[in-house]
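Reading the structure
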Amino acid sequence: MSTLLYNPDRKNRKQFIEEFVVRTEVFDALMKDIRTGRMKHPEQHYLLVGQRGAGKTTLLTRIRYAIEDDPQLKNWLIPVMFNEEQYHISELANVWENIAEYLQDYHDFAGICEEMDVLTGRQDFEHAAFDLLIKRLNASGKKLILFVDNIGDLLKKFDDLEVKRLREILQTIPQIRLIAGSPVVFESLLDYHQPMFEFFKIITLKGLSSEESQTLLRKLAKLNKKEKEIETIIRETPARIETLRVLSGGVPRTMALLFDVLSDNGHGNALLDLEKVLDAVTPLYKHRMDDLPTQQQKIVDIVAKNWDPISVKQLVSKTRLESKLISAQLRQLVQNQVVEIQETGKKNHLYLMSERFYNIWYLMRYGRKQDRQRVIWLVKFMEMWCDVGEIEERITNYIDKSTKGEMNEKVLEMYAEVYSFFEKVKPELKLKLKSAVPQHVRKHIEIAEDDIPEILERFYQKQDLDGFLNIASIDIPISYECKLKIAEVFNNEPLEAHSKLLVNLMSSVGTQNVNDILISLIQALGLKMLRHSIVLEEPKYVTEAFEGFINALGINPLIEWGRYEDNLIIRCVYNLVCGGYYSYAKSLVNLSNFAKRYENVGAAVDYFLSNNDNSALMKLAPEIRTEAWTMIEIMNVGKKKFGRHKAGRGA
Amino acid sequence: MQSKMRNVIGQPARGDDFYPRKREVEKIERALRNRSNIQITAPRRVGKTSILWHFQDEQLSGRDYVYIDTEAIADENEFYRKLLSEILKCDVLKKRTGFWEKLRNGANERLKKIKSITIAGVGLELNDKEPHNYREELHNLLAGYAEEENSELVLQIDEFPITIENIRNAQGDNAAIVFLHGNRSLRMSPDISTKVRFIYTGSIGLNHTVARMDATATINDLNPISVEALSGPEALDLLEKLLAHEDRSILPEAGDHLLKMIEWYIPFHIQLIVQELAGVSVWAEPIDIAMVDQAIGNIVDQRYQSHFEHYYSRLKKQFKANSYSYALHILKEIAEKDRVDKARTFQLAQQNEVEQEYKHILLVLEYDGYIHLTSDNQTYRYNSPIVKRWWVKYYC
């Protein structure tokens, strides 16, 4: 990462001017004013307010060059640049000394420093030094335009009277003009009794517009020889540029930093480079935080860690500061473009960090490191950067690589955590992901149960056996309703096809952990086949289905035997009885679990059948009453059937 | 073609950028003719300092004017030294060769007494090698001027109330009162009052500052002249001139609409709107009503908070305890209800337990340009609907 990103004034001059493509309107307006102002009276002073990276230094430097290159201006106007770090200045007099040095070194003001040295020790040194400076300027017919990059830092070093004196000078002495920059609207500017108040014409360097963003990116593309890539993006996926703009808050320096990620078009290693980018922005972003007063830092910390918009009320509870105070601080933060308001339509607004990439950086640097929250910054980045389709593409790629063992463990683990946050991806992919990630991450991938039957049906219709079996192997508990829906997946396929599927499902049982979905599938398919084969009078398949069914019920005692299974058995028994497979029916009825559960149901049914009195039945819980009636029907049918063919076909 | 005027914000507008304030200039002119010393009163941002510079730049009525900003002064002796040094620096005075010569050669008795001025090449300089009583030095200089010169000298002292506050903060009330008395006796000295006039002004109210120390007697000789907002036609004229410099023009109905929206025509608010209008409009397309609304909306919006924030933050400095909460209360209620009648102001005073001083608080709010009494003398309203909207947005 080029250091020049942070020190635009050190770039090669020609290249610098060539690269200056945004903020041109502000530049033109300022230059127009500078060209027309003869500095006969004190001229308008300006304050450029914008976040760090918004382009203040760049703009100031550009103006400086324009003055130096202007055939008229250069004859009488001398630009003097004060860098951002003004360690050598501790009082107002130092400013005049510095200017004197610069004039002597670069503009032939011979001996001015020595003359100033003579005044040292005088009580009114500052006044005397300043008067000397003006005298020499008048003698040479020159005037000064001062560029002070971070005026707030400079003013902080002066005492109250010095600040007042500076204002007095700028207000009354026409030989000096000031164009200042500040990342924040500094406090003294807001305080009525502070003399710098309302002194400047304030120009806010807002985030770049869409159009300006394109201009900047085209220029960056040219410099990086990536014009083709960028033109393709502008043409085909303009939304991506908008995303970049939103992410960076339109701050040119952040946009430049993210340029590589953009031009990579999301299919290469860009995301792996993201950490490098985040590293590179650290000085910029740390400064931004350092610029803020303590209470504002505290508020920003909470807003940033919250990521989603937060209310004043929430802030009150988290900071334990008064809400009035928080509102006042938020106002300043909004004004300084650190925080943004999200209107709610009601009186109480929500607040969030205006530059999302800054927020991402903050999460990376200061977010919780212990649990899966440690990757939240990457999640947030991807959420903003990629659409769902791309995220799905990445997840598919991840699953593929992880199953082939092509990823090192650390990366595998990190992305498992990252992807476990995405809720909007297709359920089947989520299901696949769930089986691909390490065990401890699985619980974080939540799949809506309602989606499962639908996915299964899709694979079933497509005859995608692998997909189908894949889903069948997902280990999540499912509800009664879900099981009922799964049962509806199967249609009237030829028995042979169902038989194959059943064999496959049964063999999955052998290789994988048993789980709810798989068992429900076997049960449902078993019943379906049973019914079908009885109607078609295909005893071979009846037996196959029956065995599968029995197996599915008896495989794993851990599978909870519930209402669904009961219902299934009853329907199965009914079918078997209808088909005359009495011994199969009997063995099903005798399955211990079933028999036990329905002990009192059986008694109630018996009582009803022998006395034709339903009072005992009515005492049963409503949810099993239906099953009881089905049993009665079976018994009635059974009585007749058993009466005629004692052994039945299945015996 | 419409004449142009640059949009100078925050700085005094001078030369061609000064909008001629005929009424105020005449009022001051008349007072100076009557040999009054003057205090110029007006809310902030109405254009006091620009008017002072206008007198100086144009040398109106053949007088000599010296503009002195004393806001960085926190000491009485330093104050007089500053006056003295600014007079010496003044180009206009340097051209009065007779006086200058006498100052150099000591032919005038009063000028001869001055010890702090030394001859430096062709000019004159203050010499600080030994301590001087600069009040005496200044007195002698002004008396010498009065004896030698036919024209009048006008000392325009800006930010005078801040100087008083500075002295108060550094040395206490008594020092400030002594300072005020010293000023009064100097300007009333018979040996200078024939030729030397004083104009005081500042961005905080002199009356209020002095009243806080129970020292109104020290300024009761000053003739108060108030600077008013512009009239409708003046406001429109200024608007068009400023827009012309930005290569913009405005449709007549949009101009009328703008005036209706701002109601209180102080140059500062017009300047802010022009700055914003330049941003929301494009060249060659006259500004319409929608653009005016958008510009005003932008002003009320966050980024201009720095230009309005003082309306809020200065209250805390100006008032303490219950008076402060009363001021906030009253401003909130007027902002919400558009107007509040006199009876209600008293009710609120009772609520805030400021029955004794509420009238004074209302007067200060009036003086500082927040509110005014409507023509029927019954209800208070905001001077500026824009400030009112801003207040509703941020403090209601």
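Look up: the structure comes first, before these words.
Residues numbered from 1 in each chain as written. Chains lettered and ligands numbered in written order. Predicted model: local features only at pLDDT ≥ 70, side-chain atom pairs only at ≥ 80, totals over all residues. Heavy atoms only, no water.

**Observations concerning the overall build of chain B**
Scanning chain B for helices and strands turns up 20 helices and 10 strands. A globule of 396 residues ought to have a C-alpha radius of gyration of about 21 Å, and chain B, at 24 Å, matches this closely. Principal-axis analysis of the C-alpha atoms places the extent of chain B at approximately 70 × 60 × 35 Å. Across the 396 residues that make up chain B, the buried fraction comes to 60%. (Helix = DSSP H or I, 4+ residues; strand = E, 2+ residues; numbered from the N terminus. Rg over C-alpha atoms; globule rule 2.2 N^0.38 Å. Buried < 20%, exposed > 50% of the residue type's maximum accessible area, 1.4 Å probe, protein only.)

**Here's the deal with the overall build of chain A**
Helix and strand content of chain A: 37 helices and eight strands. Each of the 651 residues in chain A was classed as buried or not, and the buried ones make up 54%. Partitioning the contacts of chain A with sequence separation of at least 6, the portion at a separation of at least 24 is 73%. For chain A, the computed accessible surface area is about 30500 Å², with 49% contributed by carbon and sulfur atoms. (Contact = heavy atoms within 4.5 Å. Areas by Shrake-Rupley, 256 points an atom, 1.4 Å probe, with all protein chains shown as cover.)

**What to know about the interface of chain A and chain B**
Taken together, the 39 residues of chain A in the interface contact 47 residues of chain B. The contact between chain A and chain B buries some 3800 Å² in all, and 45% of this surface belongs to carbon and sulfur atoms. Run the count over chain A and chain B and you get eight salt bridges. Measuring nitrogen to oxygen at the nearest pair gives 3.7 Å for the salt bridge that ties B:Asp247 to A:Lys32. Seen at the junction of chain A and chain B, the total is 14 residue pairs in polar contact (both at pLDDT 80 or more). Taken together, the elements giving at least two residues each to the side of chain A that touches chain B come down to helix H2 (24–36), helix H9 (160–172), strand S5 (201–204) and helix H19 (323–335) of chain A. The element that contributes the greatest number of residues to the side of chain A that touches chain B is H9(A), accounting for eight residues. Looking at the side of chain A that touches chain B, its residues break down into 13 nonpolar, 10 polar and 16 charged. (Buried area = accessible area lost by both parts, 1.4 Å probe. Salt bridge = Lys/Arg side-chain N within 4 Å of Asp/Glu carboxyl O. Polar contact = N/O pair within 3.5 Å; in protein donor to acceptor, adjacent residues only side chain to side chain. Nonpolar A, V, L, I, M, F, W, Y, C, P; charged D, E, K, R; others polar.)

**What about the packing of helix H18 (residues 312–319) of chain A against H19(A)?**
Residue and element names in this part refer to chain A. In contact at an axis separation of 9 Å, H18 and H19 are set at 115° when each is read in the N-to-C sense. Of the possible angle classes, the one that applies to H18 and H19 is roughly perpendicular. In this structure, the crossing between H18 and H19 has a hand that is right-handed. Across the interface between the two elements, Val312, Leu315, Val316 and Thr319 of H18 pack against Ser323, Ile326, Ser327 and Leu330 of H19. In the contact of H18 with H19, the residues fall into five nonpolar, three polar and no charged. (Axes fitted to C-alpha atoms, helices over the stretch in contact; angles between N-to-C directions. Parallel < 35°, antiparallel > 145°, perpendicular 65-115°, else oblique. Left-handed = near helix turned anticlockwise from the far one by under 90°.)

**A short note on helix H15 (residues 289–300) of chain B**
Residue and element names in this part refer to chain B. The end-to-end C-alpha distance of H15, which contains 12 residues, comes to 17 Å, matching closely the 16 Å that a straight helix rising 1.5 Å per residue would cover. Those residues of H15 that sit buried are Met291, Val292, Ala295, Ile296, Ile299 and Val300. Measuring from the side-chain oxygen of the N-cap residue of H15 to the backbone nitrogen of Ala290 gives 3.2 Å; that N-cap residue is Asp288. (Expected span 1.5 Å × (residues − 1).)

**Topic: the sheet that holds strand S2 (residues 64–69) of chain B**
Residues and elements named next belong to chain B. Sheet architecture is open: five strands sit in the order S2-S5-S6-S1-S7, paired in parallel fashion. This sheet does not close on itself; its edge strands, each paired only once, are S2 and strand S7 (223–226). Each strand axis lies, on average, 20° off the axis of its neighbour in the sheet, ignoring direction. By the bridge criterion, four bridges tie strand S1 (residues 38–41) to S7 in an arrangement that is parallel. (Pairing = 2+ DSSP bridges.)

**Overview of the pattern of salt bridges**
Counted under the stated rule, the structure contains 54 salt bridges over all chains. In this structure, the salt-bridge partner of B:Glu165 is B:Arg212, at a minimum N-O distance of 3.5 Å. Here B:Glu165 is found in helix H8 (residues 160–171), whereas its partner B:Arg212 is found in the loop between helix H11 (206–211) and S7, with 47 residues between them in sequence. The salt bridge involving B:Asp338 is made with B:Arg339; its shortest N-O contact spans 3.7 Å. Residues joined by salt bridges that share partners form a network here, namely A:Glu126, A:Asp131, A:Arg165, A:Glu168, B:Lys82, B:Glu86 and B:Lys89.

**A look at the pairing of strand S8 (residues 350–353) of chain A**
Residues and elements named next belong to chain A. Strand direction decides the pairing type here: strand S6 (residues 310–311) and S8, joined by two bridges, are antiparallel. Its bridge partner lying in S8, Ile310 is registered against Tyr351. Across four bridges, the pairing between strand S7 (residues 339–342) and S8 is antiparallel. Within the sheet, the bridge partner assigned to Glu340 lies in S8 and is Leu352.

**Quick notes on the environment of A:Ile455**
Residues and elements named next belong to chain A. Inspection of the secondary structure assignment puts Ile455 in helix H26 (residues 451–462). Considered as a pair, Ile455 and Val489 are 34 residues apart in the sequence and their alpha carbons are 9.7 Å apart. The residues touching Ile455, leaving out its near neighbours within four places in the chain, are Pro427, Glu428, Leu431 and Ile471.

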